[in-house]
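So the chains spell out like this:
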Amino acid sequence: MVSFATSLTKESIVDVEGVISVPDKLITGATQHVEIQVRKLYCISRAVPNLPFNIEDASQSKTEFKKAEESGEQLVRVGQDTKLNNRGLDLRTPANQAIFRVKSVGVNKGRQFLLSKNFVEIFTPKVIAGSSEGGAEVFKLDYKGKPACLAQSPQLHKQMTICGGFDRVFEVGPVFRAENSYTHRHLCEFVGLDIEMEIKEHYYEVCDIVEELFVEIFNHLNDNCCKELEVIKLQYPFQPIKYLPKRLTYDEGVRMLKQEAGVEIEPMGDLSTEAEKKLGKLVSDKYNTDFFILTKFPLGIRPFYTMPCHDNSEYSNSFDVFLRGEEIISGSQRIHDPEMLTKRAEQCGIDVETISTYMDSFRNATRLHGGFGAGLERIVMLFCGLNNIRKCSLFPRDPQRLNPLNDPACLPMTILFLSFFSFHLIKP
Ligand code: ATP
């Protein structure tokens, strides 16, 4: 049996029958306090002898690399692409197991919270005609001879659901963005948590839901995922977030950046990633929180459906939410008046014909409403202090990665095959 056992390759799956006992002294290894005296051993599935990498190597932390370097020891480094190309194996590292458990626990807590607040979970189509909002690039496709695209957000459909008489709805589903963003925080496909709700008096009611929802989720993760968070920290050390909610207006944020950090923002312009990070640091130092909402953004930098402020139409009833100095959520009150909506869409260069059914929904009268969109991978990344969003997506899709193999030699072949295939579809 010993020779059979030693012939087994790493990562093979085995069934063991034996007696569990407590050894006289601690054993070296992962489980130190108990041992199994093996009576029978079966191999259920044998791994190949030459794995792409060892799980131990893929689990090393920066600290371990540093220690090894100082002591002149050589550790094997497994790069991110190699890990993602072999994601089926890479997911076995303790940190990855923990990251995806945290994501699952967080989403479920959010869902529970929203259901308890009378939100209805909805499922909107991901193949749509035209583009959801204009602006960002979309993945175009051919839908039985008609031009279509993958939804860049459930925005228009969730608003149409409100027009359809629902008070409060939410969706957890895939969101597709085709822009060429090669950053640590952009994916081409991510999981969005979107909500839309009736507003009684003020769009701050939506901000209230954001704060309650995320404080509830973060509390729940800290209380129920301690082990997972410790495991993640072992490989990727991080400080827990401080999340006492704070609200500031866009103007206050811009002023803080100018007066306290000397950072100038283009008048009524968007904050750059660097400015966002700087503001996050200022807010953290001043208000002792990593979780804050910036409200009342200039209208000109928000999507066409955003409601302008009553008192000053240069500004809008909108907000962004930040965690550790990075945007995690965008939200606003939406325009419910069809004339005003048409005017804003045209001003923003949107062909209203392509979204006529959305526009028409507002002609039957619609209640005041607002909502927000959040990206789950980005939230998990920032909650766990990770440096790359790809770590929080099971099989990340980015401008250069379409499948877990990502074999550069395969890609031209795939494109060739697809063009050949579609050519034959078009010309039978
Ligand atoms: P950014 O300015 O970071 O590109 P955005 O303003 O385009 O984001 P929205 O369209 O408002 O973002 O989307 C709402 C939320 O969805 C963002 O706050 C973020 O959490 C998430 N999100 C947006 N784009 C991406 C992306 N490409 N990859 C991952 N998450 C994203």
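Residues numbered from 1 in each chain as written. Predicted model: local features only at pLDDT ≥ 70, side-chain atom pairs only at ≥ 80, totals over all residues. Heavy atoms only, no water.

If you look the protein chain up in an unreviewed UniProt entry, it shows as aspartate--tRNA ligase from Rhynchospora pubera. Looking at the protein chain in UniProt, the text filed under Subcellular location (unreviewed entry) is "Cytoplasm". As recorded by UniProt, the Sequence similarities (unreviewed entry) comment attached to the protein chain reads in full: "Belongs to the class-II aminoacyl-tRNA synthetase family. Type 2 subfamily." (UniProt positions renumbered as here; feature names shortened; annotations may be inferred.)

Let us now look at empty space enclosed by the protein. Applying the stated criterion across every chain yields a total of two cavities of 30 Å³ or more. By volume, the largest cavity amounts to about 170 Å³. Taken together, 18 residues form the lining of the largest cavity, with Gly106, Val107, Ile217, Leu376 and Ile379 sitting closest to its centre. When residues of the lining of the largest cavity are traced back to their parent elements, those giving at least two are α6 (94-116), β7 (168-176), α8 (204-224) and α14 (376-383). Considering every element that reaches the lining of the largest cavity, the biggest residue donor is α6, with seven residues. Considered as a void within the structure, the second largest cavity measures approximately 30 Å³ in volume. (1 Å grid on protein atoms, 1.4 Å probe; cavity = no way out; pocket = protein on both sides within 12 Å on 5 of 7 lines; lining within 4 Å. Points joined across faces, edges and corners; volume = space filled by probe spheres on them. Helix = DSSP H or I, 4+ residues; strand = E, 2+ residues; numbered from the N terminus.)

This next bit is on the site of the ligand. Near the ligand lie 14 residues; those nearest to it are His186, Leu187, Glu327, Ile328 and Arg378. Here arginine 177 contributes a side-chain N or O atom positioned 2.9 Å from an oxygen atom of the ligand. Measuring from a nitrogen atom of the ligand, one finds a backbone N or O atom of leucine 187 at 2.8 Å. When the ligand sits alone it has 590 Å² of accessible area, and the protein chains cover 81% of it. Every element with two or more residues in the shell around the ligand is listed here: β12 (326-333) and β13 (369-375). In terms of residues, the shell around the ligand owes the most to one element, β12, which gives four residues. (Near = heavy atom within 4 Å. Polar contact = N/O pair within 3.5 Å; in protein donor to acceptor, adjacent residues only side chain to side chain. Areas by Shrake-Rupley, 256 points an atom, 1.4 Å probe, with all protein chains shown as cover.)

With that settled, consider the sheet that holds strand β6 (residues 146-150). Taken in spatial order, the three strands make up an open sheet running β4-β6-β5, and their pairing is antiparallel. Each edge of the open sheet is held by one strand with a lone partner, namely β4 (127-128) and β5 (140-143). Here β5 runs beside β6; their pairing, made up of four bridges, is antiparallel. Looking at β6, one finds that aspartate 142 is bridged to proline 147. (Pairing = 2+ DSSP bridges.)

So, on to the packing of aromatic side chains. Under the definition given, this model contains ten aromatic pairs. Aromatic side chains tyrosine 203 and tyrosine 204 sit 5.2 Å apart centroid to centroid with 70° between the ring planes, which places their arrangement in the edge-to-face category. Relative to phenylalanine 383, the ring of phenylalanine 218 has its centre 5.2 Å away and its plane inclined at 20°; by these criteria the two rings are stacked. Residue phenylalanine 218 is located in helix α8, and its partner phenylalanine 383 is located in helix α14; the two are separated by 165 residues in the primary sequence. Judged by relative accessible area, which is 1%, phenylalanine 218 ranks as buried. An aromatic cluster of at least three residues, connected via ring pairs, comprises Phe214, Phe218, Tyr243, Phe291 and Phe383. (Phe/Tyr/Trp six-rings, centres within 6.5 Å; stacked < 30°, edge-to-face > 60°. Buried < 20%, exposed > 50% of the residue type's maximum accessible area, 1.4 Å probe, protein only.)

The eight strands lie next to each other as β3-β7-β8-β13-β12-β11-β10-β9, forming an open sheet whose pairing is mixed. The two strands at the open ends of the sheet, each matched to only one other strand, are β3 (120-121) and β9 (246-249). By the bridge criterion, seven bridges tie strand β8 (residues 189-198) to β13 in an arrangement that is antiparallel. Considered in β13, the bridge of glutamate 196 is made with glycine 371. Packed on one face of the sheet, α8 meets β7, β8, β9, β10 (291-295), β11 (318-323), β12 and β13 and runs near 165° to β10. Running at roughly 85° to β9, helix α10 (residues 250-261) makes contact with β9 and β10 of the sheet. (Contact = heavy atoms within 4.5 Å. Axes fitted to C-alpha atoms, helices over the stretch in contact; angles between N-to-C directions.)

Before going further, it helps to spend a moment on helix α7 (residues 155-163). In terms of burial, α7 is a largely internal element, seven of the nine residues being buried. Of the residues trailing α7, glycine 165 is marked for its positive phi of about 105°.

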